[in-house]
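For reference, the chains in residue letters:
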Amino acid sequence: MASTHLSAAELLALEDRQIGFFLADARPLEANAADLYPVAQVLHTACIALAAQLPKVIDEVVARVGSPEAFAHRLRRVLSHATARDLAGAALIATWGREMARLEALDDIAPNDADCAAVLRFCYEVIRHYRIDGEPHPDDAAGLGSNYRILPAAEAQALAQRCDALGPTQAGEVRELTRAMRALAFLAEGQLREAVMMHGPYPTGTRGMQLIVVECADVQGTRTPGEDFTGIAPVEVASLAIAIQVRDCDITADRFGTLHLQTWDTARLVAASLLTRTDQGLCGIPIARAGDLRRQFEARQAALRQRVADWQVARRMSAGIGQAHALLCRLLTAAGCSHEELEIARQRAREAGAPIVARHFDRNLQRAPEELPFFIKLRAYLAGDEPRLFTPFGSTTG
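Residues numbered from 1 in each chain as written. Predicted model: local features only at pLDDT ≥ 70, side-chain atom pairs only at ≥ 80, totals over all residues. Heavy atoms only, no water.

Attention now moves to the overall build of the chain. Within the chain, the secondary structure is distributed over 13 helices and eight strands. For a compact globule of 398 residues, the expected C-alpha radius of gyration is about 21 Å, and the chain comes in at 21 Å, within 12% of that figure. Residues counted as buried form 56% of the 398 residues belonging to the chain. Across the chain, the fraction of contacts at a sequence separation of at least 24, relative to all contacts at a separation of at least 6, is 77%. When the accessible area of the chain is evaluated, it comes to approximately 16400 Å², of which 51% is carbon and sulfur surface. Here the chain contributes 43 positive and 49 negative side-chain charges, whose respective centroids are spaced 2 Å apart. (Helix = DSSP H or I, 4+ residues; strand = E, 2+ residues; numbered from the N terminus. Rg over C-alpha atoms; globule rule 2.2 N^0.38 Å. Buried < 20%, exposed > 50% of the residue type's maximum accessible area, 1.4 Å probe, protein only. Contact = heavy atoms within 4.5 Å. Areas by Shrake-Rupley, 256 points an atom, 1.4 Å probe, with all protein chains shown as cover. Lys, Arg positive; Asp, Glu negative; His and termini not counted. Charge placed at Lys NZ, Arg CZ, Asp CG, Glu CD.)

Structure below.
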């Protein structure tokens, strides 16, 4: 298991290296598929606002569950409300928000070093207990590693045993359902990232056969405060996990809980299971429903896409910032907050972030991505012209 004795400076340096590895190996900066939302401008506004709120949210999580380790064990299940994407996302918000504020000389609202370090330590401790191998990242020297496993071997084996053999037509439907769920989740997250967790690969006991799980705990997508999505047909299930046995696939994993499969075609999909979470636990959905569910995902994604496309850019930016707040809600939901408590927390977050958002909204909306100071530094860092992305703790200048 990874070290428990990293200093604040070492945690920041580790995050600096890992985000560099991720952008170089897993998701190059220019490879963002967003076409509706002004992603860079949304991030440059939302990260500053959210970074100031994260420490309080994390304090509430720990107060409820007892420790980062206890929180990790709550997340170690299929269709958890918070996953790897949220833990890595919290570290990103804390560090990016701090650096963005410093580069804009916003000393009055820049997250202080102690708060940023506390968020990094929480994320580090949770992730190393969340991942089965006890490591905080899939690889300590690259953006892609061999796996992102969170389930104990016995649970993974039980999940594999729930899978039904697939014929060619069924395999195609399952593959298309996976694609449709990811497309809807990407749009529902303001095209910042997918609201999808992928974990595995898990051994199945059969040579060349591995189990992967693709899941989304909120298939409807987080409703953006102030935006009206009435009239758009929902998907009939609230959550969906697709457990898939694949044969002879080259699989790697990144820190955000995304598996990267090479040569993934229907011939390699051997068996699958569709699952949703109810009050009774994980319940199976017949594989025969895959095509119908896929059509529901596609219809909702198309309708949401048309609705957003009709908005002015300023409204898209406002919606994207609102959707970024979903990360705070997922952490609190996973810690056991009730619906009523979550609504109070959501309102508190909006009110706390409003002055910060208002201060930057118009200015950031008018600037192109290449004009935003943080992204200027990020490109220089990835090109090797900056020795580090994040200003070391204790520095008085950026």
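After that view of the structure, there is still more to cover.
Let us look at empty space enclosed by the protein. Summed over all chains, the structure comprises one cavity of 30 Å³ or more. In this model, the largest cavity occupies a volume close to 140 Å³. In terms of lining, the largest cavity is formed by 14 residues, of which the most central are E15, A91, Y124, H137 and R255. For the lining of the largest cavity, the element with the highest residue contribution is helix 6 (residues 113-130), accounting for four residues. Among the residues making up the lining of the largest cavity, the classes are represented as eleven nonpolar, one polar and two charged. (1 Å grid on protein atoms, 1.4 Å probe; cavity = no way out; pocket = protein on both sides within 12 Å on 5 of 7 lines; lining within 4 Å. Points joined across faces, edges and corners; volume = space filled by probe spheres on them. Nonpolar A, V, L, I, M, F, W, Y, C, P; charged D, E, K, R; others polar.)

We now examine the packing of aromatic side chains. For the structure on display, the rule yields six aromatic pairs. With 4.8 Å between their ring centres and 55° between their planes, F22 and F256 make a pair best called tilted. Residue F22 is found in helix 1 (residues 8-26), and its partner F256 is found in the loop between strand 5 (250-253) and strand 6 (259-262); the two are separated by 234 residues along the sequence. There is no split in this pair, since F22 and F256 are both buried. An aromatic cluster of three or more residues is present, and its members are W96, F374 and F375. The ring of Y148 carries the charged tip of R131 above its face, separated from the ring centre by 4.6 Å. (Phe/Tyr/Trp six-rings, centres within 6.5 Å; stacked < 30°, edge-to-face > 60°. Lys NZ or Arg CZ within 6 Å of the ring centre and 35° of its normal.)

A separate point is the pattern of salt bridges. Going through the model one piece at a time under the given rule, you end up with 22 salt bridges. A salt bridge links R330 to D86, with the shortest nitrogen-to-oxygen separation between them at 2.8 Å. Linking R330 in helix 11 (residues 326-334) with D86 in helix 5 (residues 84-103), this pair joins segments that are 244 residues apart in sequence. A single burial state applies to R330 and to D86, both of which are buried. Linking K377 and E99 is a salt bridge whose minimum nitrogen-to-oxygen distance equals 2.9 Å. With K377 in helix 13 (residues 373-382) and E99 in helix 5, this residue pair connects regions lying 278 residues apart in the sequence. For K377, a relative accessible area of 8% corresponds to the buried category. A cluster of three or more residues bridged by salt bridges with shared partners is formed by E173, E176, R179, R294 and E298. (Salt bridge = Lys/Arg side-chain N within 4 Å of Asp/Glu carboxyl O.)

Turning next to the side chain of S80. Take S80: it is sitting in the loop between helix 4 (68-75) and helix 5. Here A82 takes part through its backbone oxygen, which lies 2.7 Å from a polar atom of the side chain of S80. Apart from the residues within four sequence positions on either side, S80 is in contact with R74, L75, E215 and A217. (Polar contact = N/O pair within 3.5 Å; in protein donor to acceptor, adjacent residues only side chain to side chain.)

Attention now moves to the packing of helix 1 against helix 6. Look at helix 1 against helix 6: their axes get within 9 Å of each other, and the N-to-C directions meet at 70°. Here helix 1 is positioned roughly perpendicular relative to helix 6, judged by the angle of their axes. Here A8, L11, L12, L14 and E15 of helix 1 lie close against helix 6, whose contacting residues are A117, L120, R121 and Y124. In terms of residue class, the contact of helix 1 with helix 6 is built from seven nonpolar, no polar and two charged. (Axes fitted to C-alpha atoms, helices over the stretch in contact; angles between N-to-C directions. Parallel < 35°, antiparallel > 145°, perpendicular 65-115°, else oblique.)

Let us look at helix 7 (residues 153-161). Taken as a whole, helix 7 has its buried residues at A156, L159 and A160. The buried residues of helix 7 occupy an angular sector of 100° when the element is viewed end-on, so they sit on one face. What points out from helix 7, more than 90 degrees from its buried face, is the exposed set A154 and Q161. On its buried side, helix 7 packs onto strand 2 (197-203), strand 3 (209-216), strand 4 (240-247) and strand 7 (269-278). (Arc of directions from axis to C-beta.)

In this section: the nonpolar core. Most often, soluble globular proteins keep nonpolar side chains buried together rather than apart. L54, F71, W96 and L240 are the most contacted members of the largest nonpolar core, which has 135 residues in total. With eleven residues, helix 5 is the largest single contributor of residues to this core. Those residues within four positions of W96 in sequence are excluded, and the remaining contacts are I19, L43, C47, F374, F375, L378, L389 and F390. (Core = buried A, V, L, I, M, F, W, Y, C linked by side-chain atoms within 4.5 Å.)

Next up on the list: the packing of helix 4 against helix 6. Direction vectors running N to C along helix 4 and helix 6 enclose 50°, while the axes themselves pass 8 Å from each other. In terms of axis orientation, helix 4 runs oblique to helix 6. As helix 4 runs across helix 6, the sense of the crossing is right-handed. Contact with helix 4, carried on its side by P68, E69, F71, A72 and L75, involves F122, E125, V126, H129 and Y130 of helix 6 and no other residues of that element. Considered class by class, the residues forming the contact of helix 4 with helix 6 number seven nonpolar, one polar and two charged. (Left-handed = near helix turned anticlockwise from the far one by under 90°.)

Glancing now at helix 5. A rise of 1.5 Å per residue sets the reference length of helix 5, with its 20 residues, at 28 Å; its end C-alpha atoms lie 28 Å apart and thus fit the reference within 8%. Just downstream of helix 5, A105 is the residue with a positive phi angle, here 60°. (Expected span 1.5 Å × (residues − 1).)

P201 follows G200 through a cis peptide bond whose omega is -5°. With respect to the secondary-structure elements, P201 resides in strand 2. The phi torsion at Q191 lies on the positive side, around 55°, for a residue other than glycine. Tracing the chain through its elements places Q191 in the loop between helix 8 (168-188) and strand 2. Overall, Q191 belongs to the buried group, its relative accessible area being 3%.

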